[in-house]
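Structural overview for review
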Amino acid sequence: MDRHTVFSIITNFMRSREEELKGLGADFTFGFIQVMDGEKDPRNLLLAFRIVHDLISKDYSLGPFVEELFEVTSCYFPIDFTPPPNDPYGIQREDLILSLRAVLASTP
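In this text the structure is predicted, and so the values were computed from the model without any measurement.

What counts and what doesn't
- Residues numbered from 1 in each chain as written.
- Predicted model: local features only at pLDDT ≥ 70, side-chain atom pairs only at ≥ 80, totals over all residues.
- Heavy atoms only, no water.
- Patch = residues over 30% accessible without salt bridge, like charges linked within 9 Å, V, L, I, M, F, W, Y side chains within 5 Å.
- Areas by Shrake-Rupley, 256 points an atom, 1.4 Å probe, with all protein chains shown as cover.
- Salt bridge = Lys/Arg side-chain N within 4 Å of Asp/Glu carboxyl O.
- Helix = DSSP H or I, 4+ residues; strand = E, 2+ residues; numbered from the N terminus.
- Core = buried A, V, L, I, M, F, W, Y, C linked by side-chain atoms within 4.5 Å.
- Buried < 20%, exposed > 50% of the residue type's maximum accessible area, 1.4 Å probe, protein only.
- Contact = heavy atoms within 4.5 Å.
- Expected span 1.5 Å × (residues − 1).
- Axes fitted to C-alpha atoms, helices over the stretch in contact; angles between N-to-C directions.
- Parallel < 35°, antiparallel > 145°, perpendicular 65-115°, else oblique.
- Left-handed = near helix turned anticlockwise from the far one by under 90°.
- Nonpolar A, V, L, I, M, F, W, Y, C, P; charged D, E, K, R; others polar.

1. Concerning a nonpolar patch on the surface
- Together, F70, F77 and L104 make up an exposed nonpolar region whose accessible area comes to about 330 Å².
- Position of L104 among the secondary structure elements: in helix α6 (residues 93-104).

The structure is reproduced here in structure tokens:
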């Protein structure tokens with residue numbers, strides 16, 4: 001739950017304080033990579049994949065961390081997730097697949 005809160009805060013800052021985050025340069029990217037590394041919760045992965053997509057498509061500075069950002073996201077390919085039968089969040093395998101695909105296809 002704590003990690004979900006962190007991803008939600010980052011998402012909100014990217015919406016409301018984009019210029020300030022971009023002003024942090026590659027330090028923001030590096031910090032995010034550290035937060036995302038090893039994430040397993042599907043709710044958090046959906047948020048993290050969206051953040052990565054926005055980092056790339058909205059021209060945040062990736063600096064020397066381009067390869068690390070690729071590695072921290074590409075390690076989830078292929079998606080191997082089966083939702084539990086009583087999943088209260090309703091996250092499906094297809095949701096994760098489409099979200100990861102958007103990240104991997106967000107730049108040539």
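2. Thoughts on unusual backbone geometry
- Following F77, the chain continues into P78 via a peptide bond in cis, with omega recorded as -5°.
- The residue D59 is not glycine, and still its phi comes out positive at about 60°.

3. Some thoughts on the nonpolar core
- With 29 residues, the main nonpolar core has M14, F32, M36, F49, L55, L69 and I79 as its most contacted residues.
- Breaking this core down by element, the ones donating at least two residues are α1 (2-16), α3 (26-36), α4 (42-57), α5 (66-74) and α6.
- Top contributing element to this core by residue count: α4, with seven residues.
- Those residues in contact with F32 that lie beyond four places of it in its chain are F7, I10, A48, I51, V52, L55 and L69.

4. Notes on α4
- The first and last C-alpha atoms of α4 sit 22 Å apart over 16 residues, in line with the 22 Å expected at 1.5 Å per residue.
- Of all the 16 residues making up α4, twelve are buried; the element is thus mostly covered by neighbouring parts of the structure.
- Three or more residues of α4 are buried, namely P42, R43, N44, L45, A48, F49, I51, V52, H53, D54, L55 and I56.
- Where α4 is buried, its residues meet α1, α3, α5 and α6.

5. Side note on the pattern of salt bridges
- Inspection of every chain in the model, using the stated rule, returns three salt bridges.
- Between R43 and D41 there is a salt bridge; the shortest N-O distance is 3.6 Å.
- Overall, the relative accessible area of 25% leaves D41 in the partly exposed class.

6. Structural notes on the environment of C75
- Inspection of the secondary structure assignment puts C75 in the loop between α5 and α6.
- Placed 38 residues apart in sequence, C75 and D37 show a C-alpha to C-alpha distance of 9.8 Å.

7. Quick word on the packing of α3 against α4
- In contact at an axis separation of 11 Å, α3 and α4 are set at 160° when each is read in the N-to-C sense. It follows from the interaxial angle that α3 and α4 lie roughly antiparallel. Classified by chirality, the crossing of α4 by α3 is left-handed. On α4, the residues touching F28, F32 and M36 of α3 are A48, F49, I51, V52 and L55.
- Residue composition of the contact of α3 with α4, by class: eight nonpolar, no polar and no charged.

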